[in-house]
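Here's the letter readout for the chains.
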Amino acid sequence: MIPQYLKIKGLYSYKHQQEIDFNNLTSAALFGIFGSVGSGKSSILEAIMFALYGDTERLNKSGDERYYNMTNLSSDDLMIDFTCLAGKEDTRYRFVVQGRRNSRNFRDVKVERKVYQWMDDNWSPIMTEDVAEKVIGLNYENFRRTVIIPQGNFQEFIELKGRERSEMMKVLFGLEKFDLAEKNKRLAERNILALESIHGQLMNLGEATPEMIAQKEHELKLTKELIREVEAALVQQRNEEKQQDELLKLFTNLNHTTQKLDLLQEKQNWFKMREEKLKLYEQCVLNFKSLFEQKQAREKEHQQVKTEIARNQALLEQNQVRLQNMVSELEKVRPYYDKRDEYQLKSQELKRLKDLKKLEQESASLQDRIRNGAVVLKEKEALIQHLLNEKQLQEKQLEQRKADLITQQTEHKLQDELVHLQVQKSLQKFADALKDNEPCPLCGSVHHPAILSSDEDFDTKIKALMAKKEGIRTELEQAEKHIKQLGKTIDDHTQEKTEKFEKALARFTEQMAGFDAQKQLLLGQLQVFRWEDFAEKSIEEIDEQQRKTDNDYRKIVETFTRLDKDHRELEGSIKTTQGSQQTLLNSLNAHTHALAQMQQEIDAQLGKVGFGTEEEVWNVLRQNLVIETERNEIQAYQTDLQATRQMLEQLTKDAASKVYEPEKHALLKEGIKANETRFNGLKKEEGSLENEIQKGKENLKSKEKLLQEKQRLEIRKENLETLQKLFKANGFVDFVSSIYLKNLSNAANERFHRMTRHQLHLEVNADNDFEVRDLLNGGKTRLLKTLSGGQKFQAALSLALALADNIHNRVQSRHNFFFLDEGFGSLDRDSLQIVFETLKSLRKENRIVGIISHVDELQQEIQTFLKIENTDEGSRVFTSWQ
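A. Structural context of the overall build of the protein. From N to C terminus, the protein includes 21 helices and 15 strands. Compactness check: the protein gives a C-alpha radius of gyration of 69 Å against a globular reference of 29 Å for 882 residues, more than 25% above the reference. The principal-axis extent of the C-alpha atoms belonging to the protein is close to 195 × 150 × 50 Å. By residue count, 37% of the 882 residues in the protein fall in the buried class.

B. A look at the packing of helix H11 (residues 340–408) against helix H14 (residues 539–609). Relative to each other, H11 and H14 sit at 165°, their axes nearing to 9 Å. One element, H11, and the other, H14, form an angle in the roughly antiparallel class. Two packed elements cross with a definite hand, and for H11 against H14 that hand is left-handed. Where H11 abuts H14, its residues Arg340, Tyr343, Gln344, Lys346, Ser347, Leu350, Lys351, Leu353, Lys354, Lys357, Lys358 and Gln361 lie against Ile539, Ile542, Asp543, Gln545, Gln546, Thr549, Asp550, Asp552, Tyr553, Ile556 and Val557.

C. Summary view of the packing of aromatic side chains. One pass over the structure, following the stated rule, counts 11 aromatic pairs. Taken together, a centroid distance of 5.3 Å and an interplanar angle of 50° make the contact between Tyr53 and Phe143 tilted. Of this pair, Tyr53 sits in helix H2 (residues 41–53) while Phe143 sits in helix H5 (residues 140–146), placing them 90 residues apart in sequence. The two residues Tyr53 and Phe143 agree in class, both being buried. Note on Phe271 and Tyr637: the rings are 4.0 Å apart at their centroids and 5° apart in plane angle, and the pair reads as stacked. Of this pair, Phe271 sits in helix H10 (residues 268–338) while Tyr637 sits in helix H16 (residues 627–654), placing them 366 residues apart in sequence. Pair check on accessibility: Phe271 and Tyr637 agree, each one buried. Clustering of aromatic rings is evident, with ring pairs tying together Phe31, Phe817 and Phe819. Over the ring of Tyr116 we find Arg94; its NZ or CZ atom is 5.8 Å from the centre of that ring.

D. Here's a closer look at the side chain of Asn319. Looking at where Asn319 falls in the secondary structure, it is placed in helix H10. A relative accessible area of 5% means that Asn319 is categorised as buried. Contacts of Asn319, omitting those with residues within four sequence positions, involve Leu570, Ser573 and Ile574.

E. How the structure looks around the sheet that holds strand E9 (residues 760–764). Spatially, E9-E10-E11 is the arrangement adopted by the three strands of the open sheet, whose pairing is antiparallel. Taken across any chain shown, the strands that pair with only one partner, and hence form the sheet edges, are E9 and strand E11 (780–783). Pairwise comparison of adjacent strand axes, ignoring direction, gives a mean angle of 35° for this sheet. Bridging between E9 and strand E10 (residues 770–774) involves five bridges; their strand directions are antiparallel. Counterpart to Glu763 in the pairing with E10 is Glu771. Relative to the sheet, helix H18 (residues 731–755) contacts E9 and E10, its axis offset from that of E9 by approximately 170°.

F. Seen up close, unusual backbone geometry. Non-glycine residue Tyr12 carries a positive phi angle of around 50°. Its identity is not glycine, yet Asp120 carries a phi of approximately 55°, on the positive side. Position of Asp120 relative to the elements: it lies in the loop between strand E6 (109–119) and strand E7 (122–126). Under the relative-accessibility criterion, Asp120 is labelled exposed at 78%.

G. Structural context of the packing of H11 against helix H13 (residues 458–524). Where H11 meets H13, the axes come as close as 7 Å, and the angle between the chain directions of the two elements is 160°. Accordingly, the angle class assigned to the pair H11 and H13 is roughly antiparallel. As H11 runs across H13, the sense of the crossing is left-handed. For the contact of H11 with H13, the per-class residue count stands at 26 nonpolar, 12 polar and 17 charged.

H. Structural detail: the sheet that holds strand E4 (residues 77–86). On the basis of which strands lie adjacent, the open sheet formed by six strands has the order E2-E1-E4-E5-E6-E7 and antiparallel pairing. In this open sheet, the two edge strands, each paired with only one partner strand, are strand E2 (18–21) and E7. Sheet twist, expressed as the average angle between the axes of neighbouring strands with direction ignored, equals 20°. Strand direction decides the pairing type here: E6 and E7, joined by five bridges, are antiparallel.

I. Representation of a positive patch on the surface. Residues Lys183, Arg186, Arg190 and Arg716 make up a contiguous surface patch of positive charge. Among the elements that line the positive patch, the one with the most residues is helix H8 (residues 181–205), at three residues. Relative to the helices and strands, Arg190 resides in helix H8.

J. Fine view of the side chain of Thr549. In this structure, Thr549 sits in helix H14. Not counting the four nearest positions on each side in its chain, Thr549 is found in contact with Tyr343, Lys346, Ser347 and Leu350.

The rules behind the values
- Residues numbered from 1 in each chain as written.
- Predicted model: local features only at pLDDT ≥ 70, side-chain atom pairs only at ≥ 80, totals over all residues.
- Heavy atoms only, no water.
- Helix = DSSP H or I, 4+ residues; strand = E, 2+ residues; numbered from the N terminus.
- Rg over C-alpha atoms; globule rule 2.2 N^0.38 Å.
- Buried < 20%, exposed > 50% of the residue type's maximum accessible area, 1.4 Å probe, protein only.
- Axes fitted to C-alpha atoms, helices over the stretch in contact; angles between N-to-C directions.
- Parallel < 35°, antiparallel > 145°, perpendicular 65-115°, else oblique.
- Left-handed = near helix turned anticlockwise from the far one by under 90°.
- Contact = heavy atoms within 4.5 Å.
- Phe/Tyr/Trp six-rings, centres within 6.5 Å; stacked < 30°, edge-to-face > 60°.
- Lys NZ or Arg CZ within 6 Å of the ring centre and 35° of its normal.
- Pairing = 2+ DSSP bridges.
- Nonpolar A, V, L, I, M, F, W, Y, C, P; charged D, E, K, R; others polar.
- Patch = residues over 30% accessible without salt bridge, like charges linked within 9 Å, V, L, I, M, F, W, Y side chains within 5 Å.
- Areas by Shrake-Rupley, 256 points an atom, 1.4 Å probe, with all protein chains shown as cover.
- Salt bridge = Lys/Arg side-chain N within 4 Å of Asp/Glu carboxyl O.
- Lys, Arg positive; Asp, Glu negative; His and termini not counted.
- Charge placed at Lys NZ, Arg CZ, Asp CG, Glu CD.

Here it is in structure tokens:
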């Protein structure tokens, strides 16, 4: 995992947003994060780990109010935005943490984590669960032990117990694949099941021996000889049966053919009569059917024309009567229709009379409003005059009051008296301090004949004078305010008089003049009616008269129009019917002539063919014979009769000198049935013996294979039991873990030797605990915990770097990143220099190392770094390159 970018806000001491671009830091391979104690250095690592894993070293998930204590007390928001590269292909991932303080509950902070992956030039959200563990290859506990090591945890790996260290190695290097106890147990269980299965199969096979199979083969040979004898007898019997079946068939066909010929000969006369009837029917169809059908069609048309002529004549007479009645009604309505314009004129003048009535009413209403408005206007003018008089009076009174105050010098006197009292109050303090024969602080005299009394209440007198002075000022202000209010009231009333009353009266007067002009115009348009005749009538009465006039006009026009239209339509209908009647009469004459000619033709044909009357022909045609069907049936009968005669001659010839014996045939069938039953029984016995022989051979072969497999499984069972003892209680995993730990120790010694100047050597004992071999003291070993703080740091750093190398190779990442928080304070100057030289050499190994420290020597040696300062505005980040 390589960090690229970090943005934090509201986390611990980071009150305001701070951004860190790790690209400049990681490109230097060795970089530092420096600052004083409590400046916020370690919070950067904690922000990264919380973004990746949602966990933190300082606070528990429950009980510590984690989110409240993580959030800066002066901030309402918590934000961590971390971008890094991870995985084999250096895929970009973004981890975002956002928190918000509840406005109603200060201690309630809600936090949400989201994860994104850079895909198709965009950040795409992905599932947050265990993302960091999957892409980095480490869980939280091992990540903080091997990649980002928080403050105080650097030496944790070497101080772990043997069992805890083995578990860590198991997770880091995937040693769970060597935990084979459960797999071995499952193999043993499957092996036992396989043995039980083989035992069951052997039980099912029974006792199969070569002697039993030989006995069955001899029985099979005897059975096959019997089958051959029975089969030969059956062949001979079936040949004889075939001959008897052919004789039975011959004599049966001979009998059936004789009976059929007798039936056909009985029908011979009947089919002869059908043939003669068919010939007569064909003659009538050929000579008369077409003529009779034409005559029927012509007679039907003739009758239809006669019916239509009668119907038209009745309709014509009915319409002529209607026409006379309609002409009479039309003449009655015509005089009223000719006067229809008078009705329209009356309706228009009645409408004008209604308008005059409305004008009259509106004019009366307007006159009332004008009179009432003049009264109100006079009242408003009187009110305004009254207010003007009152205003003038108060203005005079105010001027008089001001003049009296000036004349009496009231304000000047009050001010002088107030100053005097304030002086007296000040002197009272000195008077209380005067003593006999001591000089006065004001005049210097030692005699004090009339000392000011300390009992006099000057404060009350001063307050009374100030209240009196304030009362005069308030009195004048109230009077001026009241006069000003009166002026505003007068202005409001004056404006209301102008806008609401004077303008309205002028508008009403103009409307009255317009009403008079409109009335004269309407009176001048009256021609039929006189206004005086309607002076006493109401608008409703005039409106009712207008509606009646309009209804009369509409009724007259509609009636005349309808009668005139019906008259024209009826005249046209009569003319059409008369033309149609003449056409029908002409058609009737034509049909009559055609029928006469057709009858002559039929009579001539009757005489020619030999029939006496049309009825005789009709009797033949009414049979409605299907000529083709009749002819086919007669032909089929004749053909069947001829074929049956020929077949009977051939069968009689074939049966000559032959005899069929039913008893002999029946006995033969019974013999065949008996032999077939015996044959089938022998075949079943043969198949059963063959199956028993085959099954016996197969069982004998399977038994041999099963016994071999049983022997193999019993050997495997013993081997698995041996392995189970080896794998018990993670023994094999601990063995492999020891090998990995020793390899790790050997790799760490390459740097540990340089740091200790080849004085100390790291080893792993039988309990998987670290020991140190002292090369300067005879190569004796002692526990790692006996080392000094600096030596222990050197050992922990060597092991951590070796561990990081192994994890880097296992994860197959392109870069090896290692972050160390503190741990240098316990080193002397020489050890610190060795450690620093070691760290610098790591750049040649494509490794990136970050150091967090407040040690001054390290700050001087590392050129690329971040400087963290704790200011009044919270922790701030400064870079070495800006």
